[in-house]
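# Results of the structural survey
Listed below are the residues making up each chain.
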Amino acid sequence: MAKKYIESGLTNLVRARPIIIIVTLHPDGTINAGTFGAYTNVSGSEIGIAIGKPSHTYRNIKRTGEFTINVVNKAIAKAAEICGRDIPENQSELEIANLHCENSRKISVPIIKECIANIECRYKKEVEINYHSFIIAKCVAGHIEEKFIASDGGLDVVKSQVIFNIGYPEPLYATLENPFLVR
Ligand SMILES: Cc1cc2nc3c(=O)[nH]c(=O)nc-3n(C[C@H](O)[C@H](O)[C@H](O)COP(=O)(O)O)c2cc1C
C-alpha cells in the first residue's frame, strides 16, 4: 500500500450510505419530503441523523415532533433526487416527484407508498453542531414490503435494490450485489 496523507474530506473515507426520504408536515398542511443519507442507530429503538437547520425538514420536525423515514430503492432513485432539491415550502416535493402518501399508524405524518420500508418516528432530543443538528428520535412503528423481508425480519437490501450514495453531492449511487458470509 502507498497511502496519501490528507487533512480534509476525512469523513468521506467511510462512505456508502443508503438513501432515505424524510416526510414531515408543514403547519399549512403541505407534506414536505427531503432526501437524506441514512441514520445511525443509537439504541435498539432509537436513531440519530444530522439534518441541516435551514431545511424545511428540520423546522417541521421541531414544530410537530414527528416524521417518517422512507427507504429508497433503485426504482425511485430519480424521485429521491427531486426531493433533494430546494423546493419552496408551500409546494410538496411528493407531487413533483410523483410519489404518493399513505396514513401512518401511530403519528399524523404520512409514509410514502412507493418506498419499500417506512419508519414512524417521534423526536426526542438534538445536539446542535454548526450548520447541522443531530436529531435523536424514537422509532414507534414500521412498514416493510413483504417480498423484501430478510430471514431476520429486517429489510433485504440486496433483493430490494436499496441505493447507496457513494459520492455525495454527486448523484452517484450503487446497489449491493455480492453478499458473502465470513465464518
Ligand atoms: C442523496 C442526498 C443525500 C442528502 N443527505 C443529506 C443529509 O444527510 N443531511 C442534510 O442536511 N441534507 C442532505 N441532503 C440535502 C437535502 O436533501 C436538501 O437540503 C433538501 O433541500 C432538504 O429538503 P427540505 O428543505 O424540504 O427539508 C441530501 C441530498 C441528497 C440528494
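Residues numbered from 1 in each chain as written. Predicted model: local features only at pLDDT ≥ 70, side-chain atom pairs only at ≥ 80, totals over all residues.

Moving on, we get to the overall build of the protein chain. Across its full length, the protein chain holds 3 helices and 11 strands. Going residue by residue from the N terminus, the α and β elements of the protein chain occur as β-β-β-β-α-β-α-α-β-β-β-β-β-β. By the compact-globule yardstick of 16 Å for 183 residues, the protein chain fits well, its C-alpha radius of gyration being 17 Å. Residue burial in the protein chain is summarised as follows: out of 183 residues, 32% are buried. Contacts in the protein chain between residues at least 24 apart in sequence constitute 59% of all its contacts with a sequence separation of at least 6. (Helix = DSSP H or I, 4+ residues; strand = E, 2+ residues; numbered from the N terminus. Rg over C-alpha atoms; globule rule 2.2 N^0.38 Å. Buried ≥ 20, exposed ≤ 12 C-beta atoms within 10 Å, placed from the backbone. Contact = placed C-beta atoms within 7 Å.)

Turning to the nonpolar core, a few remarks are in order. One finds Ile20, Ile21, Val23, Val71 and Val72 to be the most contacted residues of the largest nonpolar core, which totals 39 residues. If you tally residues by element for this core, the top one is strand E1 (residues 17-25), at 6 residues. In contact with Val23, not counting residues within four places along its chain, are Ile31, Asn32, Ala33, Phe67, Thr68, Asn70, Val109, Pro110, Ile111 and Ile112. (Core = buried A, V, L, I, M, F, W, Y, C linked by C-beta atoms within 7 Å.)

What follows is about the pairing of strand E5 (residues 66-71). The element E5 is largely enclosed, with a buried count of 6 among its 6 residues. Going residue by residue along E5, you find Glu66, Thr68 and Asn70 tucked away on one face and Phe67, Ile69 and Val71 tucked away on the opposite face as well. Here E1 runs beside E5; their pairing, made up of 4 bridges, is antiparallel. Bridging from a neighbouring strand, Ile20 pairs with Val71 of E5. (Pairing = 2+ DSSP bridges.)

The next subject is the site of the ligand. Close to the ligand lie 19 residues; Gly34, Gly52, Ser55, Thr57 and Gly84 are nearest. Taken together, the elements giving at least two residues each to the shell around the ligand come down to strand E2 (31-37), strand E4 (46-52) and helix H1 (56-64). Looking at the shell around the ligand, the element that brings in the most residues is E2, giving 5 residues. Counted by class, the shell around the ligand contains 5 nonpolar, 11 polar and 3 charged residues. (Near = placed C-beta within 6 Å. Nonpolar A, V, L, I, M, F, W, Y, C, P; charged D, E, K, R; others polar.)

Take H1 next. All of the buried residues in H1 are His56, Thr57, Tyr58, Asn60 and Ile61. Its buried side turned inward, H1 meets E1, E2, E4, E5, strand E8 (117-129) and strand E9 (132-144). Of the residues flanking the end of H1, it is Gly65, one or two places downstream, whose phi is positive at about 75°.

Inspection of the secondary structure puts Tyr5 in the segment before E1. Put simply, Tyr5 and Arg59 are 54 residues apart on the chain and 39 Å apart in space, counted from C-alpha to C-alpha.

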